[in-house]
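Given next are the chains, with one letter for each unit.
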Amino acid sequence: MALKPINRKADRMVTYLEHQGAVPPAEQMAGPVDPAGANAGVDENAEDVVALGGRLPEIPEIPHIPLGCSLVFAPGWEVDEAGGTAGLCQPVERDLFDCHLACFWPAHVPDQLNHSPDWTGKCAAAQNDWRKLEMIFP
Amino acid sequence: MADMSDKMSYLAVLIALLPAALAAQQVRSGGNGTIYMGAYNEAVYVIDEATLEVTERIPVTTGIPNLMQLSPDNRTMYVRDAAMEHIEVVDLVEGRSIDSFTLSEGNTRVRIRSMAVDPGGEYVLLGARSYTKLLDRFEIGEFSILRVDLDSHEVTDTVPTSVGEQRQGANLMFSPDGDLLYFFGRDIIAVETGNFTEVDRWELSQPLEEGLGRMNMSFQRSPYDEEGIFTNLFRMTDPVQGRQMMGIARVNLAEQDVDFYTLGPSERVSFALAPGGRKGYGLRSEIGFYEFWTFDLEGRRVESRVEFPGRPRMSLVPSSNGELLYIYNAGNTIDVYDADTHELLRTVWLDADMTRFLLVPGDAATNGGGSQG
């Protein structure tokens, strides 16, 4: 025996299940004419009921940060992979080389990919001998 | 006068005990493994895990080593440079670089994002994209996975684009016999390596059971997982309440089986499996707040959370005997902690910052054990 939605919430569930192909369309169901107002606002609220085993809404993408670091000139502005600052290094020397490496932070650290691949050549450990890093003038 | 005499006595006792205390600290070994570290001074460091001393610095010829992958017998290391243009082959037994190649030529640079070396050592698969500098612009090529012969350095095949539209962000891994190639993205896709046609697909991007959310987890290889097994932290969103949960999953690739359980609300904590698979450790990092987490995988619970004075951008790996924890990454230090008490035992200062850190348990040159990418 087919059921007729008796209120707005039940109607939304029928609409959702119709969309999933789980039940025949409402007009094919037997029963009395729906009560006044039962279908009001169906379209604007369609699919706001999520069945447990149904298809899940897409997870929003995480922020897209080109090559890991900031590409704008904003001193002190750097974000980690989650778009926050918790993942950044302290002391800053620990992050110098990894900013140089591929993620090139052009305003602050020379670009390793194209222009200054040997920038770290004379300084293997940034915390110890960062003074040996060469100044780069674009 | 008596006070002075007492002080002198205490001092004498302290001086007498000092060598013993130092010796006790020095003998605290994490095991007999080997650590391979990519260093900014264009070398691969070989570090003896027992002493954490650098035993060898193997210079590479193609720049700063970044991605590193070991052959199944741990005798050869394949290194991709930081500029993502070169593959270099390092003979770990002889301690020297023996080969290198690039796909870049002329005004076209081919940047290699990922690599997977065939277990037989005949070819390598490179996930790459070309960048051609023209007079007025750069022309960016399609991302493709290229099969490159390791002897001739020729591109001999391309993995068809029909295989897994999610391949760009996927990790690649061969089966031990080299017959199958796995793409680890949101789903796991298996292709045979003759013609690279899809033979199986495991849709982990869909909920495993009704009422569960989609499971998000990393398939990064642990040195302590068995072949074909991945144990890691996963996160999911409860579809009814919208709560973010986390738990531990043990994925068996061959049997397509997932054993999982939730631990509680999701928190920003990492996970590293300990040897033996009975425990795991994690790091929770926030600005000014750092915690060691210990996971009891048999009891299926969080065993402890201990605050400690950490720093941003730490990575953790348990020692091969399970007694110590190594904190590394972003810099030139390895902090050694006691795995039980989480007491800082010592800090090892190296003469170069690191790009990559691989711990291989056991006698790395001969054990034929697994490798990490």
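Residues numbered from 1 in each chain as written. Chains lettered and ligands numbered in written order. Predicted model: local features only at pLDDT ≥ 70, side-chain atom pairs only at ≥ 80, totals over all residues.

1. A short note on the overall build of chain B
- Secondary structure assignment for chain B yields one helix and 29 strands.
- Counting only residues that meet the buried cut, chain B has 33% of its 373 residues in that class.
- Taking all contacts inside chain B whose residues are at least 6 apart in sequence as the whole, residues at least 24 apart take part in 39%. (Helix = DSSP H or I, 4+ residues; strand = E, 2+ residues; numbered from the N terminus. Buried ≥ 20, exposed ≤ 12 C-beta atoms within 10 Å, placed from the backbone. Contact = placed C-beta atoms within 7 Å.)

2. Comments concerning the interface of chain A and chain B
- Each side of the interface is counted separately: chain A has 24 residues, and chain B has 27 residues.
- Listing elements by their share of the side of chain A that touches chain B, those giving two or more residues are α2 (93–100) and α3 (126–129) of chain A.
- No other element matches the four residues that α2 of chain A contributes to the side of chain A that touches chain B.
- For the side of chain A that touches chain B, the residue count by class is 15 nonpolar, six polar and three charged. (Nonpolar A, V, L, I, M, F, W, Y, C, P; charged D, E, K, R; others polar.)

3. Overview of the confidence of the model for chain A
- Residues of chain A with pLDDT of at least 70 account for 43%, and the chain-wide mean is 65.
- When pLDDT is averaged over each element of chain A, α3 of chain A comes out on top at 88 and helix α1 (residues 8–20) of chain A at the bottom at 80. (pLDDT = per-residue confidence, 0-100.)

4. Looking at the sheet that holds strand β22 (residues 279–286) of chain B
Residues and elements named next belong to chain B.
- With respect to topology, four strands assemble into an open sheet ordered β21-β22-β23-β24, the strand pairing being antiparallel. Either end of the sheet is taken by a strand with one partner, and the two such strands are β21 (272–273) and β24 (301–307).
- Examined bridge by bridge, strand β23 (residues 289–296) and β24 share six bridges and lie antiparallel to one another. Among the inter-strand pairings, F295 is bridged to a residue of β24, identified as V302. (Pairing = 2+ DSSP bridges.)

5. A closer look at the sheet that holds strand β3 (residues 53–59) of chain B
All names here are of chain B.
- Ordered in space as β3-β2-β1-β29, the four strands form an open sheet in which the pairing is antiparallel. Across the chains shown, the open sheet's two edge strands, defined by having one partner strand only, are β3 and β29 (354–360). The sheet shows a mean angle of 20° between the axes of neighbouring strands, direction not considered.
- Across six bridges, the pairing between strand β1 (residues 34–39) and β29 is antiparallel. (Axes fitted to C-alpha atoms, helices over the stretch in contact; angles between N-to-C directions.)

6. Thoughts on the nonpolar core
- Of all hydrophobic cores here, the largest spans 78 residues; its most connected members are V44, M77, M115, V124 and Y326 of chain B.
- Contacts of V44 of chain B, omitting those with residues within four sequence positions, involve Y36, G38, I58, V60, P65, M77, V79 and V90 of chain B. (Core = buried A, V, L, I, M, F, W, Y, C linked by C-beta atoms within 7 Å.)

7. Examining the confidence of the model for chain B
Residues and elements named next belong to chain B.
- Summing up the model confidence of chain B, the mean pLDDT is 87 and the portion of residues at 70 or higher is 87%.
- Scored below 50 in pLDDT, residues 367–373 shows 20 contacts in the model against residues more than four places distant or in partner chains.
- In the model output, the complex is listed with pTM 0.78 alongside ipTM 0.72.

8. A closer look at the environment of C123 of chain A
- Topologically, C123 of chain A is positioned in the loop between α2 and α3.
- Under the C-beta neighbour-count criterion, C123 of chain A is labelled buried, with 22 such atoms within 10 Å.

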